[in-house]
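Survey of secondary and tertiary structure
This is what each chain is made of:
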Amino acid sequence: MKYSLIAVLLLAANLAFAEEAAKDEWNETTLSEETIQKIQQAQFTYKKCVVDTMQKPEFSKLESRNATDAIIKLCEPTLADMRKVYTDAEVPGVIADRHLKKLRIQVTRNLLQELMYVEAAKKAGQP
């Protein structure tokens with residue numbers, strides 16, 4: 001009898017956990033064409049912010065990792081605009097945050113790589 005009571009309790013706990021996890025899942029919904037365009041525009045704005053900020057002379061004086069960190073922090077508010085587009089489309093925050101994190105990581109890697117190339121070129125004596 002003890003085993004059946006434990007089994008019932010474990011089953012109930014698993015069901016409760018499954019119900020909680022289901023709340024965070026995004027059940028097969030679709031984004032409207034308008035929402036997709038807004039997201040793409042927000043991505044463009046974020047990447048443009050990074051490129052425009054990177055070209056400012058004060059960042060060319062910094063070491064590439066420090067410059068990357070400063071530039072990404074300055075452009076962070078544009079990601080908040082993209083998150084709002086997601087939340088307005090009723091995309092769960094977990095999914096929106098995952099996409100924003102992926103985008104931030106990709107842009108950060110590309111920016112760091114570009115700044116390292118520029119830094120190496122300067123050290124090699126190229127303009």
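Check the entry above for the structure.
Anyway, here's the lowdown on the structure attached to this text. What you are looking at is a predicted structure, and each value in this text was computed from that prediction instead of being measured.

Moving on to the nonpolar core. Ranked by size, the top nonpolar core spans 21 residues in total, and within it Tyr46, Val50 and Met82 carry the most contacts. Residue contributions to this core peak at 8 residues, all from helix 4 (residues 64–88). When neighbours within four sequence positions are excluded, Tyr46 is seen to be in contact with Ile72, Cys75, Thr78, Leu79, Leu103, Arg104 and Val107.

Turning to the packing of helix 4 against helix 5 (residues 93–123), a few remarks are in order. Two elements in contact, helix 4 and helix 5, have axes whose closest approach is 9 Å; the angle formed by their N-to-C orientations is 150 degrees. One element, helix 4, and the other, helix 5, form an angle in the roughly antiparallel class. The two elements helix 4 and helix 5 cross, and the hand of that crossing is right-handed. Here the contact of helix 4 with helix 5 is composed, by residue class, of 14 nonpolar, 5 polar and 6 charged.

Under the definition given, this model contains 7 salt bridges. Salt-bridge contacts for Lys73 lead to Asp69; the nearest nitrogen and oxygen are separated by 3.4 Å. Here Asp69 and Lys73 lie together in helix 4, a separation of 4 residues that amounts to about one turn. Take Asp69: its relative accessible area is 40%, and that puts it in the partly exposed class.

So, on to helix 5. The α-helix winds at 3.6 residues per turn, so residues separated by three or four positions along the chain end up facing the same way. When the terminal C-alpha atoms of helix 5 are compared, their 44 Å separation across 31 residues agrees well with the 45 Å that a helix rising 1.5 Å per residue should span. Along helix 5, the residues that are buried comprise Ala96, Leu100, Leu103, Val107, Leu111, Leu115 and Ala121. Summarising the contacts, the buried residues of helix 5 are in contact with helix 2 (33–54) and helix 4. Looking one or two residues beyond helix 5, the residue adopting positive phi is Gly125, at roughly 90 degrees.

Basis of the calculations
- Residues numbered from 1 in each chain as written.
- Predicted model: local features only at pLDDT ≥ 70, side-chain atom pairs only at ≥ 80, totals over all residues.
- Heavy atoms only, no water.
- Core = buried A, V, L, I, M, F, W, Y, C linked by side-chain atoms within 4.5 Å.
- Buried < 20%, exposed > 50% of the residue type's maximum accessible area, 1.4 Å probe, protein only.
- Helix = DSSP H or I, 4+ residues; strand = E, 2+ residues; numbered from the N terminus.
- Contact = heavy atoms within 4.5 Å.
- Axes fitted to C-alpha atoms, helices over the stretch in contact; angles between N-to-C directions.
- Parallel < 35°, antiparallel > 145°, perpendicular 65-115°, else oblique.
- Left-handed = near helix turned anticlockwise from the far one by under 90°.
- Nonpolar A, V, L, I, M, F, W, Y, C, P; charged D, E, K, R; others polar.
- Salt bridge = Lys/Arg side-chain N within 4 Å of Asp/Glu carboxyl O.
- Expected span 1.5 Å × (residues − 1).

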